[in-house]
Amino acid sequence: MTTHTPLKGSVSYDEMPYTSYPFADTHPSRLAAIAQTFGLNPPALENARILELGCASGGNLTPLALYYPNMQLVGVDYSSVQVNEGIESIKKLGLKNVELKHMSIADITPELGLFDYIICHGVYSWIPKEVQDAILRVCNENLVKNGVAYVSYNVYPGWKTHEIARDAMLFHTRNISNPTEQVAHGRGMIQYMHEMSAEGSMFRQIMNHESALIQNAAPYYISHEFFETHNAPCYFNEFNSHAEAHGLTYLGDTYIGSMFVETLGDEHRQRLINVSEGQQVVLEQYLDFISNRTFRQTLLVKKEMGRSIKRTINKEYLKKLSYQCQATRIENTPDLPATAHKYETPQKRHAIVYSATQKSALQILSAHYPNPLSYDTLKSEIKAQTKNDFIEDELLNMLERLLIVAFISPWNSAFSTQYLGLSAPTPTHPYIDQKVRQHALATGHLTSHMHLHTPLNPVLNLLLPLLDGKHSIDQLVDALATAAQSNQINFQRQSTQEIITDPSEIQKEARSHTQNHIELLKNLGYLIQ
């Protein structure tokens, strides 16, 4: 058996396990939607077979198994500690549709079977060249004809500044082998470099960013991102040459907005289009240079599918998708005509709409967040709201424009719609699936059907077991108040930090905390209708 043996100096994932979370951008619904956006017909999600390379303890796969019981999921990882931890968790949940295997990616053969979607997040840049080859080989050999593979990796030019920090920390800890001590001393080195950098210099600007990143990141992230023997960023075009050598071709990026030049202004846009000569990879490599990009999440398909990719978005493709939008309307816009509505995302992206159709569309999409709406559902709700003012071309034009600038996110239209969102009334008897609650209590975080995760706090830890659809809000309040009276949880006065002991005050605090947390769970898409 071929093995991937960690080289001397590398950080063992058994010694410093990588916390295993879900990654929303790897959700098969997102991968399928991007394939559809560019004219492909990817495998259906309901019965899809998913393979994850470098699955850790299954934190990215287990939620899919919970929400998609007909999917078949397989994870492979070289860390026996993490795989065994995941296997134990899966057994406790009683899941039969997910399997974790302790093995090297290099040992995977076609005998493992064909998969509709292959995911490899946070592995490619941190392994030897022969295992990188194995990843791309598996993405070809074990992928169905119309399947989609996801691979993430560090890229230049942005990672060149990170390498300053990495090299300094490696040098400073050259005689330290304990991962925890490496991280502590490495942070000290970066803090010292930050303090010594000259005010106003370019180096101070670099160290401002590096220091903030390294001081605030989790130890496991710093250990594996900066102290691994292998951390080999590459240019985007180099990665694609490697993929093409293994029979794969570039489909797109999970961040669709990074693929287009529409946000650059007419002059700059046309210059890049001209110099790229119609080659998508060349265009995006230029975009990486001007954005100083550090990280990519690339979607690949088999080379024979490349001929079917349509780089111009067809409006008929848009009708097959669902759309998600996290935006709020800005009411005070004196610089705009009275007929305009301006919306803003948390990332400070903006959209201005004028027509009744487009205003209604953004209002409806935002109200349904975090749940995506299928095109047909969105169209139906707009027509009900605008009556005879609905113009379909205006809707399609807006969806295309907002997709290109990453104001909205595409999802596969087969996505579940049974979960509540922002606009839904708060249920009288909140309900979260029993296995989802069990998984959350075991891992310390809730994961939604959108693959978003929320860390648990003491209030959620107490409420979760009761969110079975049988307990009313009043019963939840009483349970929380009882827990506070028995010192399982403490409520404090904000002004003095004094622990509240008065029963009537405890009851009031319990109601406030219960209502706020139930509203939060609803708004984040955890509660079932």
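Relevant structure appears above.
Residues numbered from 1 in each chain as written. Predicted model: local features only at pLDDT ≥ 70, side-chain atom pairs only at ≥ 80, totals over all residues. Heavy atoms only, no water.

**Q** I tried to follow the packing of helix α5 (residues 159-172) against helix α7 (residues 202-216) on my own but got confused; where do I start?
**A** A pair of packed helices can be characterised by two numbers: the angle between their axes and the separation between those axes. Packing of α5 against α7 leaves a shortest axis separation of 10 Å and a crossing angle of 65°. Looking at the two axes, α5 sits roughly perpendicular to α7. Remark: the crossing between α5 and α7 carries right-handed chirality. When α5 is examined against α7, the residues Thr-161, His-162, Ile-164, Ala-165 and Met-169 are found in contact with a partner set consisting of Phe-203, Ile-206, His-209, Glu-210, Leu-213 and Ile-214. Along the lines of polarity and charge, the residues of the contact of α5 with α7 split into seven nonpolar, three polar and one charged. (Axes fitted to C-alpha atoms, helices over the stretch in contact; angles between N-to-C directions. Helix = DSSP H or I, 4+ residues; strand = E, 2+ residues; numbered from the N terminus. Parallel < 35°, antiparallel > 145°, perpendicular 65-115°, else oblique. Left-handed = near helix turned anticlockwise from the far one by under 90°. Contact = heavy atoms within 4.5 Å. Nonpolar A, V, L, I, M, F, W, Y, C, P; charged D, E, K, R; others polar.)

**Q** Explanation requested: the sheet that holds strand β2 (residues 72-77) in the structure shown.
**A** Across a sheet, paired strands are connected by hydrogen bonds in the backbone, their directions being either parallel or antiparallel. Pairing is mixed across the open sheet formed by seven strands, whose spatial order is β3-β2-β1-β4-β5-β7-β6. Both edges of this open sheet fall to β3 (98-102) and β6 (248-253), since each of them pairs with a single strand only. Averaged over all pairs of adjacent strands, the angle between strand axes in this sheet comes to 20°, irrespective of strand direction. Sheet topology places strand β1 (residues 49-53) next to β2; five bridges connect them, and they run parallel. In the sheet register, Glu-52 faces β2, and the bridge partner there is Gly-75. (Pairing = 2+ DSSP bridges.)

**Q** What's the story with helix α9 (residues 236-245) in this structure? I'm lost.
**A** Two residues of an α-helix separated by three or four positions point the same way, owing to the 3.6 residues in each turn. Considered for burial, the residues of α9 that qualify are Phe-236, Phe-239, Asn-240, His-242 and Ala-243. Viewed end-on, α9 has its buried residues packed into an arc of 155°, placing them on one side of the element. Residues of α9 that are buried sit in contact with α4 (129-141), β5 (143-154), β6, α11 (280-291) and β7 (295-302). (Buried < 20%, exposed > 50% of the residue type's maximum accessible area, 1.4 Å probe, protein only. Arc of directions from axis to C-beta.)

**Q** Can you walk me through the sheet that holds strand β8 (residues 321-324) in this structure?
**A** Ordered by their spatial adjacency, three strands build an open sheet running β12-β8-β13, and the pairing between neighbours is antiparallel. Looking at the sheet topology across the chains shown, the edges are occupied by β12 (373-374) and β13 (409-412). For β8 and β13, the ladder comprises four bridges, and the chain directions are antiparallel. Residue pairing across strands places Tyr-323 opposite Pro-410, the latter belonging to β13. Packed on one face of the sheet, helix α1 (residues 28-37) meets β8 and β13 and runs near 105° to β13.

**Q** Hey, could you run me through the packing of aromatic side chains in this one?
**A** For any pair of aromatic rings, the description consists of the separation of the ring centres together with the inter-plane angle of the planes. This model, assessed by the stated rule, comprises nine aromatic pairs. On the numbers, 5.9 Å between centres and 75° between planes, the contact of Tyr-67 with Tyr-419 is edge-to-face. Taken together, the residues span a long stretch of sequence, with Tyr-67 in helix α2 (residues 62-67) and Tyr-419 in the loop between β13 and α16 (434-443) at a distance of 352 residues. Accessibility assignment for this pair places Tyr-67 and Tyr-419 in one class, buried. Of the aromatic side chains, those joined through ring pairs into one cluster are Tyr-124, Tyr-153 and Phe-239. Directly above the aromatic system of Trp-411 lies the positively charged group of Arg-30, at a separation of 5.3 Å from the ring centroid. Over the ring of Phe-171 we find Arg-174; its NZ or CZ atom is 4.3 Å from the centre of that ring. (Phe/Tyr/Trp six-rings, centres within 6.5 Å; stacked < 30°, edge-to-face > 60°. Lys NZ or Arg CZ within 6 Å of the ring centre and 35° of its normal.)

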